[in-house]
Amino acid sequence: MGKIFKMIYLLSGLFFVIFFFSSSNILLANTEDTLNSLFYKANEYYKAGQFEKAVETYEKILSRGYASGNLYYNLANGYYKLNQPGKSLVNYLRAKMFMPRDPDLGYNLEYIITELKLEDENIDQLIPVLGYFTVNEMLMLITTLFALLVGLTLIYLYLPGIKKSVKKLLYIILVTFVLSVVGTGFVIYNTYHSNPAVIISSSANVRFEPIENGQIHFELSEGKIVEIEQIHEGWVLISDPDKKRGWLKASQIEPIRFNN
Amino acid sequence: MVRVKKILMIFLILLLITLFSTSAIFAEEIKVRAYVNDTQLTLGQSTTFTIEITGDINVKRPDFSIPDCKIQYYGPGTQISVVNGKREEVIRYLYSLVPLKTGVIEMPSIKIKWKGKIYSTEPFKITVVEEGEDSGQSLEAQIKDYVFLKIEIPKTKAYVNEEIPLTITLFYHQNIDLRNIHYPEFETEHFIKGNFLEPERDVKVINGVFYNTINFKTTLQPISRGKYSMGPISLKADLVVPRKNSANSFFDSFFEPEYDLIPVKPILDEVNIEVLDFPAEKPENFTGAIGRFSLEVSVTPENAKVGEPITIRSRIYGEGNLKTVTAPHIEKTTDFKYYQPSEVNSSSIQQQGTKQKEKFFEQIIIPLKQADTIPTISFSYFDPEEEKYHTITKKDVKVNIQKENVNSQILNYGSLSPIEKVEGRDILYIKGKPDNFRKRTEIVSVKLILYNGILAIILLTAFLIKWFLHREHPMLKRRREIIKTTHKMLIEGENLLKQGENSSFYSLLYQTIQNYLKEMYGITITGISDYEIDYLTGAGLSTELIKKLTDFFQIINEKRFAGYSGTKGEMEKLLVLVKDIVNG
């Protein structure tokens, strides 16, 4: 028994150490200032009408491996000012994954969808099914429920006097917790199992084969959303919402999620 | 008639006074000054004494004498130049001056008469020592009257964040060559030092000596209340000292410099500055601006519809610390939606001969209802000269907001109704502040996963502790298992009894008891003798139980020898006896 406890304490200690050193707050402690100053610098460029420099500076933050909702939003605005609505749309969609309820983002996204005549596309399908919350918000809910569950379980196990009164609540929390875990897991799977992308060139010829003079199958306009199925030597196999499939040049398309 | 004459007389007198005063104001003036090449002389050493008159080269040479000195006139030198379109005439009367005694000799003020007016030069002193006399001073001490610093600071009492202009002037004698002049250095622990402006060169005369000057201008901004010392202030430079006959040949002078560079570091003492905090009773929207400012507000577009963004552009300009100026406050009402203001640009402008600064802010608001004015805008600042707060308010700034004909995009966001594209729209402005950054490829927060891991460990630990505290003793568990096995055997015995399997029944009971005693007490018994009684007594069995065991073995051994014959009643009794023993 002593060995089991020792193992538990060791595991707990390991978790705390990993938590302490891998906490994004600690890691970002020194880089956050740099990222913030780049952000403000880019904003200054934007305000001065130097949209190319603004976009370049926003992209610099991204190239360092960090992102935020406001960053994607501003980047999208920058691309819009540079007359690249496709890249603007993709970045608004990325911003939506961080801040799905932001009204400014909603307005601009709706505006650009209208401008690109994409009203009939089901854009919301691309973002988590529970489009009103981010994955991390769902995780926070699960964590809260789990914490409640642990607390109630401890009461149930060690306070026999009030055991009966917490039993019902414990079961309710347990069921809610399980449903939340299942639901979030389903959402994460659905979300990250797919690989949506946006056409960023003014028009893109989709071919039967991944070669320059391959027969053109159909054409896609800027801003259209497709699903990436395969990547091969600078070409991308995509399928559109009508399930038509074909090959595009990788430079004509930009995936919405970076983890792919 | 008399009255008219009186009025005319008064008018004439006033006219004359005006004419004379005007002519006095515009009358030309001359400037006079006197100076020597060197104020530190040895007895008998000669120096040049100059009387300089600027403004008219026809001014006569003055008559004067200087006690304890021999004066000999060399001659005049004139100079006529045009500076910024203005003609400037300078005449210098040059004399040789030889002191006749050691000590401090006063150079008196020289009087010069010009156009009925007397002009006087500033008196000054020279120091005369014996030839060969060496004060034993260090280089620094020797040159301290030739190279030194002075500071100009308009106030030594200021408020937090108030910009205090500071001018540090380097003076060095006209006969001294200084190279590699650095900017002044000083500690500013409780102040923010501004950047130095481009240094300004000039020439000044102090105590009759010509000095070249360099002005270093900057600003100091105190950051906290208290009494502080700023400095000491120092400046590094290299003094050019000619070498004496260093070249051995004509050709050596090409390869070796004929001078040495000796580092010098004039130092200025500390300056005490008292920093005050802002007075209490600050205006509600005061955010720390200090200086004297004005506010201008404009709105674009002036005509808009409900739901369309309006930009309020504010210009704040004036004198003071522009860094402390933040966006003006706008009154919050439910008729508008407000976005964060952002600074557009700031600059320094020349206005009415004084250098002023300005800052521009833009703030977007979206009208939610019809309106003809925007909310009141105000800006508060503290004037350190008047030591008072001021609040500039702009009320009733006109704007024409009309009701929207179609549903506004902003108002209907979130509804499922189809939205019609509205002409003349644009995207909303960028976000002014960065959000919390996280790793781009991070799908879920690592911290949340770790929190859940810790909770799981706590839960597991709780269950384990609970199990540990309430678990059975191994012996009890073992006993329970043995009894369970024994009961199974007894159930089988019952079945054999029902089936009338006498032989198997008795064998099973015998085996059951033997097994039971072996597992429970570690003893294999075929019969009960004194040895077994002692053993079983020592194992904790009661006398009654030992008696039952004795009875059992007696019966079973009898049956074994009798060929396992017996009535059903006997068999049932034996089964009950075994059960009693096991349950004992």
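Our structure is the block above this text.
What comes next concerns the included structure. (Residues numbered from 1 in each chain as written. Chains lettered and ligands numbered in written order. Predicted model: local features only at pLDDT ≥ 70, side-chain atom pairs only at ≥ 80, totals over all residues. Heavy atoms only, no water.)

Here we look at the pairing of strand β12 (residues 164-173) of chain B
All names here are of chain B. With nine of ten residues buried, β12 is to be regarded as a mostly interior element. Strand direction decides the pairing type here: strand β10 (residues 147-152) and β12, joined by six bridges, are antiparallel. Residue V147 lies in a different strand from β12, and its bridge partner there is Y172. Sheet topology places β12 next to strand β16 (residues 209-222); ten bridges connect them, and they run antiparallel. Bridged to T167 within β16 is K217. (Buried < 20%, exposed > 50% of the residue type's maximum accessible area, 1.4 Å probe, protein only. Helix = DSSP H or I, 4+ residues; strand = E, 2+ residues; numbered from the N terminus. Pairing = 2+ DSSP bridges.)

As for the interface of chain A and chain B
With 72 residues of chain A at the contact, the number on the chain B side is 52 residues. Between chain A and chain B, the buried area comes to about 6100 Å², and carbon and sulfur atoms account for 67% of it. Linking chain A with chain B are three salt bridges, by the criterion used here. Close ionic contact of D426 of chain B with K81 of chain A constitutes a salt bridge, the shortest N to O distance being 3.3 Å. The tally of links from chain A across to chain B stands at 18 residue pairs in polar contact (both at pLDDT 80 or more). Here the side of chain A that touches chain B is built from residues that sort into 43 nonpolar, 21 polar and eight charged. Across two bridges, strand β1 (residues 66-67) of chain A lies against strand β34 (residues 438-439) of chain B in antiparallel orientation. (Contact = heavy atoms within 4.5 Å. Buried area = accessible area lost by both parts, 1.4 Å probe. Salt bridge = Lys/Arg side-chain N within 4 Å of Asp/Glu carboxyl O. Polar contact = N/O pair within 3.5 Å; in protein donor to acceptor, adjacent residues only side chain to side chain. Nonpolar A, V, L, I, M, F, W, Y, C, P; charged D, E, K, R; others polar.)

Looking at the environment of V32 of chain B
Residue and element names in this part refer to chain B. By secondary structure assignment, the location of V32 is in strand β1 (residues 31-36). Along the sequence, V32 and V90 sit 58 residues apart, while their C-alpha atoms lie 9.7 Å from each other. Contacts of V32, omitting those with residues within four sequence positions, involve E52, I53, I112, Y119, S120 and T121.

What to know about helix α8 (residues 543-561) of chain B
Residues and elements named next belong to chain B. A rise of 1.5 Å per residue sets the reference length of α8, with its 19 residues, at 27 Å; its end C-alpha atoms lie 27 Å apart and thus fit the reference within 8%. Taken together, the buried positions of α8 are occupied by L545, I546, L549, F552, F553, I556 and K559. Mapping the buried residues of α8 onto a view down its axis gives an arc of 150 degrees, with all of them on the same face. Exposed residues on α8 whose side chains face more than 90 degrees from its buried face are T543, E544 and F561. (Expected span 1.5 Å × (residues − 1). Arc of directions from axis to C-beta.)

Here's the deal with the packing of helix α6 (residues 502-521) of chain B against α8 of chain B
All names here are of chain B. Where α6 contacts α8, the axes come no closer than 11 Å and their chain directions differ by 145 degrees. In the packing of α6 onto α8, the handedness of the crossing is left-handed. The segment α6 lies against α8, with Y506, L509, Y510, I513 and L517 engaging L549, F552, F553, I556, K559 and R560. Broken down by class, the residue content of the contact of α6 with α8 amounts to nine nonpolar, no polar and two charged. (Axes fitted to C-alpha atoms, helices over the stretch in contact; angles between N-to-C directions. Left-handed = near helix turned anticlockwise from the far one by under 90°.)

What to know about the nonpolar core
In this structure, Y58, L89 and Y92 of chain A are the most contacted members of the largest nonpolar core, which totals 49 residues. Mapped by element, the contributors of at least two residues to this core are α2 (24-47), α3 (51-63), β1, α4 (69-81), α5 (85-98), α6 (103-115) and α7 (135-158) of chain A together with β29 (354-367) of chain B. Top contributing element to this core by residue count: α4 of chain A, with seven residues. What L89 of chain A contacts, discounting residues up to four positions off in sequence, is L109, I112, I113, L116, L118, V198, G223 and I225 of chain A. Core analysis: the second largest hydrophobic core is formed by 33 residues, Y506, I523, I556 and V582 of chain B among them. (Core = buried A, V, L, I, M, F, W, Y, C linked by side-chain atoms within 4.5 Å.)

Topic: the packing of helix α5 (residues 474-499) of chain B against α6 of chain B
All names here are of chain B. Close contact between α5 and α6 brings their axes to 9 Å; oriented N to C, the two are set at 175 degrees. Here α5 lies roughly antiparallel to α6, going by the angle between them. Within the contact between the two elements, α5 uses R478, R479, I482, T486, M489, L490, E492, G493, L496 and L497 and α6 uses S504, F505, L508, L509, Q511, T512, N515, Y516, E519 and M520. In terms of residue class, the contact of α5 with α6 is built from ten nonpolar, six polar and four charged. (Parallel < 35°, antiparallel > 145°, perpendicular 65-115°, else oblique.)

Examining the environment of R64 of chain A
All names here are of chain A. With respect to the helices and strands, R64 occurs in the loop between α3 and β1. Owing to a relative accessible area of 46%, R64 belongs among the partly exposed residues under this scheme. For R64, the contacting residues outside a window of four places in its chain are T34, L35 and L38.

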